[in-house]
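# An overview of the molecular structure
Below are the chains, spelled out letter by letter.
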Amino acid sequence: MADFQTKEVSTDLLIIGGGMAACGAAVEAAYWAKKNGLKVTLVDKAAVDRSGAVAMGLSAINQYVGLKDGENTMRDYLDYVRNDLMGITREDLVASIARHVDSSVHLFEKWGLPIWTDEEGKYVHEGRWQLMINGESYKVVVAEAAKNALGMDNIYERIFITEPLMNGDKCVGAVGFSVRENVFYVFKAKSVLVALGGAVHVFKPRSSGEGLGRAWYPPWNSGSSAYFTLKAGCEMTCQEVRFIPVRFKDAYGPVGAWFLLFKSRATNGLDENYMQTRADELQNWQPYGKVKPVPANLRNWLMLLDVMEGKGPIFMRTEEAIANIADKYKEDPKGYKKKMKELESEAWEDFLDMTISQAILWAGMNVAPEEAKSEIAAAEPYFIGSHSGASGAWVSGPEDLQTPETKDEYFWGYAHMATVPGIFCAGDASGASSHKFSSGSHAEGRIAAKAAIAYCVDNPAEPTVDQSVVDDLKAKILAPLDTFAKHKGYSSDDTIHPEYILPKMFMFRLQKIMDEYAGGVSSQFKTSKALLERGLYLLDFLREDAEKLAAPDLHELMRCWENVHRMWQAEAHIRTILFRQETRWPGYYFRSDTPGMKDDWLAFANCTWKNGEWVMTKRPVKYIHESM
Ligand code: SFD
Ligand code: AMP
């Protein structure tokens, strides 16, 4: 530790994370900061050009509401999100994002992102809310605008944000370390915008052995948003609402384009369509069982019922879907050939744009999607507030979207500010506002950044930092390097040691606990009070051993803290599933001791970590005007 320098950076607004939400925040904050003579600083653990979930690119923009185009009303979108989340949603937040998201999409287009258009120049939709893009360079395009807005002098890359910097109850910045050089960073700020993404690898993944590490959501998003906000004392929401996506098996290629654009079916090993053969099951989950589209977790559930009865494997009928579209051109052999080529290249581009490994797996297995069906499966659980999960911090809605009934519950001054003053959250970091995806996360970053700058203007006092707090944090954060240095060489294999635990082994233990007790893949997503309590008991031992994490180098030091962050996400999850005495999202998790939905649980399950204790709070679900 002796050769570790400390660098201090003072700023007004600190944006932590460099993904979609952070890039949106950067663009908006730069504008308002300039007007007010304020400084904005952004810190990312990676390089903004290719960091976060959109690193590989995307093939669709999944939130485009089309409000001005008159395609949809706000109520249409609010109903869609409410139904997909089985009623648990903050409509004020969803509306706040939805009314700005189209403008983010128009900015992307202006900055150079190719959005598909038809002969009339209209956007090509994948589904009602989704637009097709040539999105291999999506993140580069969005990052360029953020970099231009802030200037590279205000962007710190490859710094892993480890802990909030607190002065009593007040957040005065963040600390972290460079993953390339021996430098410990202290960022002092009047306001912090948290956009550190979701959490992957909290649960044991399906991939193992040579495929280990492959996941749908990015493994480098390791629960830092949840950790940061929990440790800062923010109230959290929907920590039980994990997301389990159905994905092409083993390389996790997304299914949206196949279900929506190509209008494919999925069938089981007996060629049955579980959405038809299991339709009666939807009666058990009313009123959400009757809505269209069927909520994502219920679609999963019908499929899982087949799998649990041994009726797998489940296949995406790519060959059938392509044939159905091409059939319309059968009369004209030349046109048919051309269409087939077009469909074939669209099928491959979908993966080449956002999940290259799926295209590689197809190539490696000689898959021609126009000839053969491909296997799909429910992935392991992820924590993601921006897709069809909802976990994140509990944030204030904007004032103008409140009703007299919601105002006292959902509004406390600045839009998208957490319950700790000065901390703002966006994208995966903010909860109960699902279905924002890449575009909505960007829009939420913009909304939160504008509010955060207003907060800085209203609260101009310089942050007061207690040096002893910084010294303690530095010692704690760098300790794994010392632990390794002190004990290495004692055992014949440095990965197995009586005095310390390496981050990978630590992660395996965490994943095993979550998989077996909290309803992971191996438990068919089933759990119960008894299992969850046993999981918490085992997590206690893991937390004790976190003190013995060891790191041979800076990269492994990052791995140590990533896994501590995951562990906190895990505990928030288990505690909140325990707190909610029902099963509301059966295709995400099923509590065998409380198998159905209960009316008195049409409510938010929130948690706060305060003075070393977990405080659980039930908060009411209140929708905003039906006329919106
Ligand atoms: O089809 C630290 N997503 C999709 N969105 C769409 O709009 N269309 C799609 O087609 C989408 N699909 C999809 C998607 C994601 C992935 C991985 C695939 C396919 C394969 C979802 C969006 O990508 C997602 O909603 C947004 O990106 C969320 O934005 P944000 O900002 O909340 O998260 P981020 O972009 O991952 O950025 C996180 C940032 O934090 C950094 N970071 N920095 C410092 N210190 C730490 N401790 C940090 N921890 C993390 C990261 O480096 C990153 O910069 S489809 O499948 O649905
Ligand atoms: P995915 O590729 O599964 O992440 O989905 C991309 C988008 O399509 C998201 O907005 C999903 O909610 C939506 N989607 C995926 N599959 C279906 C389906 N079968 N029915 C309706 N919407 C879907």
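Fair warning: this is a prediction, and the values are worked out from it, not measured in the lab.

### Remarks on the environment of Met 56
Relative to the helices and strands, Met 56 resides in the loop between strand 3 (40-43) and strand 4 (60-61). Here Met 56 falls in the partly exposed class, since its relative accessible area comes to 27%. When the C-alpha atoms of Met 56 and Val 140 are compared, they prove to be 9.8 Å apart, with 84 residues separating the residues in sequence. In this structure Met 56 touches Arg 50, Glu 136, Arg 214, Asp 353, Met 354, Thr 355 and Ile 356, once residues within four positions along its chain are discounted.

### Focus on the site of ligand 1
Near ligand 1 there are 37 residues, and of these Asp 44, Ala 53, Ala 60, Ser 386 and Ser 438 occur at the shortest range. For ligand 1, whose unbound accessible area comes to 1100 Å², protein coverage reaches 98%. Every element with two or more residues in the shell around ligand 1 is listed here: helix 1 (20-36), strand 4, strand 7 (159-167) and helix 13 (437-458). Of the residues belonging to the shell around ligand 1, the class tally is 18 nonpolar, 15 polar and 4 charged. Residues lining the shell around ligand 1 come from more than one domain, with at least three contributed by each of domain 1 (5-56 + 139-242 + 382-458) and domain 2 (246-378).

### Brief notes about the nonpolar core
Core analysis: the largest hydrophobic core is formed by 141 residues, its most contacted members being Phe 228, Trp 258 and Ile 423. Broken down by element, this core gets its largest block of residues, 13 residues, from helix 17 (residues 554-579). Contact partners of Ile 423, with chain neighbours within four places excluded, come to Cys 171, Val 192, Val 194, Phe 228, Thr 229, Ala 232, Cys 234, Met 417 and Ala 418. Core analysis: the second largest hydrophobic core is formed by 64 residues, Cys 23, Ala 25, Tyr 64 and Val 142 among them.

### Some thoughts on the packing of aromatic side chains
Evaluation of the coordinates by the stated rule reveals 34 aromatic pairs. Look at Tyr 414 and Tyr 455: their rings are 5.3 Å apart centre to centre, the planes differ by 75°, and that puts the pair in the edge-to-face class. One end of the pair, Tyr 414, is in the loop between helix 12 (407-410) and strand 17 (423-425); the other, Tyr 455, is in helix 13, and 41 residues separate them in sequence. Judged by relative accessible area, Tyr 414 falls into the buried class, the value being 18%. Here the aromatic residues Trp 216, Tyr 217, Phe 243, Tyr 382 and Tyr 588 are joined through ring pairs into a cluster of three or more. In this structure, Arg 90 packs its charged tip against the face of Tyr 410, placed 4.2 Å from the ring centre. Sitting over the ring of Trp 601, Lys 618 keeps its end group 4.1 Å from the ring centre.

### Describing the pairing of strand 15 (residues 374-378)
Among the 5 residues of strand 15, 4 are classified as buried, and the element is accordingly described as predominantly covered. Where strand 12 (residues 246-248) and strand 15 come together, 3 bridges link them in antiparallel fashion. For Val 246, the partnering residue across the bridge sits in strand 15 and is Ala 378. Two elements, strand 14 (residues 314-316) and strand 15, share 3 bridges in a ladder whose sense is antiparallel. Among the inter-strand pairings, Met 316 is bridged to a residue of strand 15, identified as Ser 374.

### Examining the site of ligand 2
In the region of ligand 2, 14 residues are neighbours, and Gln 130, Arg 247, Gly 256, Leu 260 and His 387 sit closest. Here Gln 130 contributes a side-chain N or O atom positioned 2.8 Å from an oxygen atom of ligand 2. A distance of 3.4 Å separates a nitrogen atom of ligand 2 from a polar atom in the side chain of Arg 299. For ligand 2, the protein covers 87% of the area, taking 480 Å² as the surface of the free molecule. Examining the composition of the shell around ligand 2, we find that 3 residues originate from one element, helix 6 (residues 256-261), more than from any other. Partitioned by chemical class, the residues of the shell around ligand 2 number 7 nonpolar, 5 polar and 2 charged. Shared between two domains, the shell around ligand 2 holds at least three residues of each, these being domain 1 (5-56 + 139-242 + 382-458) and domain 2 (246-378).

### Points about the domain arrangement of the protein chain
On domain assignment, one finds that the protein chain holds domain 1 (5-56 + 139-242 + 382-458), domain 2 (246-378) and domain 3 (467-619). Every contact between the two is made by 10 residues of domain 1 and, on the other side, 13 residues of domain 2. At the junction of domain 1 with domain 2, the criterion picks out 0 salt bridges. The interface formed by domain 1 and domain 2 contains 5 residue pairs in polar contact (both at pLDDT 80 or more). Its residues assigned to classes, the side of domain 1 that touches domain 2 shows 5 nonpolar, 3 polar and 2 charged.

### Section: the side chain of Ser 374
Its location among the elements puts Ser 374 in strand 15. A relative accessible area of 5% places Ser 374 in the buried class. With residues near it in sequence (within four places) discarded, Ser 374 still touches Phe 248, Ile 314, Phe 315, Met 316, Thr 318, Trp 362 and Val 367.

### Some points on the pattern of salt bridges
According to the stated counting rule, one finds 41 salt bridges in the structure shown. Put simply, Arg 128 and Asp 76 hold a salt bridge, and the shortest N to O gap is 3.2 Å. Placement of the pair is Arg 128 in the loop between helix 3 (91-111) and strand 5 (131-132) and Asp 76 in helix 2 (residues 74-84), with a sequence separation of 52 residues. Judged by relative accessible area, Asp 76 falls into the partly exposed class, the value being 26%. Among the salt bridges present, the one from Lys 311 reaches Glu 309, with a minimum N-O distance of 3.5 Å. Each of Arg 75, Asp 79, Arg 82 and Glu 91 takes part in a single network of salt bridges with overlapping partners.

Parameters and conventions
- Residues numbered from 1 in each chain as written.
- Chains lettered and ligands numbered in written order.
- Predicted model: local features only at pLDDT ≥ 70, side-chain atom pairs only at ≥ 80, totals over all residues.
- Heavy atoms only, no water.
- Helix = DSSP H or I, 4+ residues; strand = E, 2+ residues; numbered from the N terminus.
- Buried < 20%, exposed > 50% of the residue type's maximum accessible area, 1.4 Å probe, protein only.
- Contact = heavy atoms within 4.5 Å.
- Near = heavy atom within 4 Å.
- Areas by Shrake-Rupley, 256 points an atom, 1.4 Å probe, with all protein chains shown as cover.
- Nonpolar A, V, L, I, M, F, W, Y, C, P; charged D, E, K, R; others polar.
- Domains from an automatic or database assignment.
- Core = buried A, V, L, I, M, F, W, Y, C linked by side-chain atoms within 4.5 Å.
- Phe/Tyr/Trp six-rings, centres within 6.5 Å; stacked < 30°, edge-to-face > 60°.
- Lys NZ or Arg CZ within 6 Å of the ring centre and 35° of its normal.
- Pairing = 2+ DSSP bridges.
- Polar contact = N/O pair within 3.5 Å; in protein donor to acceptor, adjacent residues only side chain to side chain.
- Salt bridge = Lys/Arg side-chain N within 4 Å of Asp/Glu carboxyl O.

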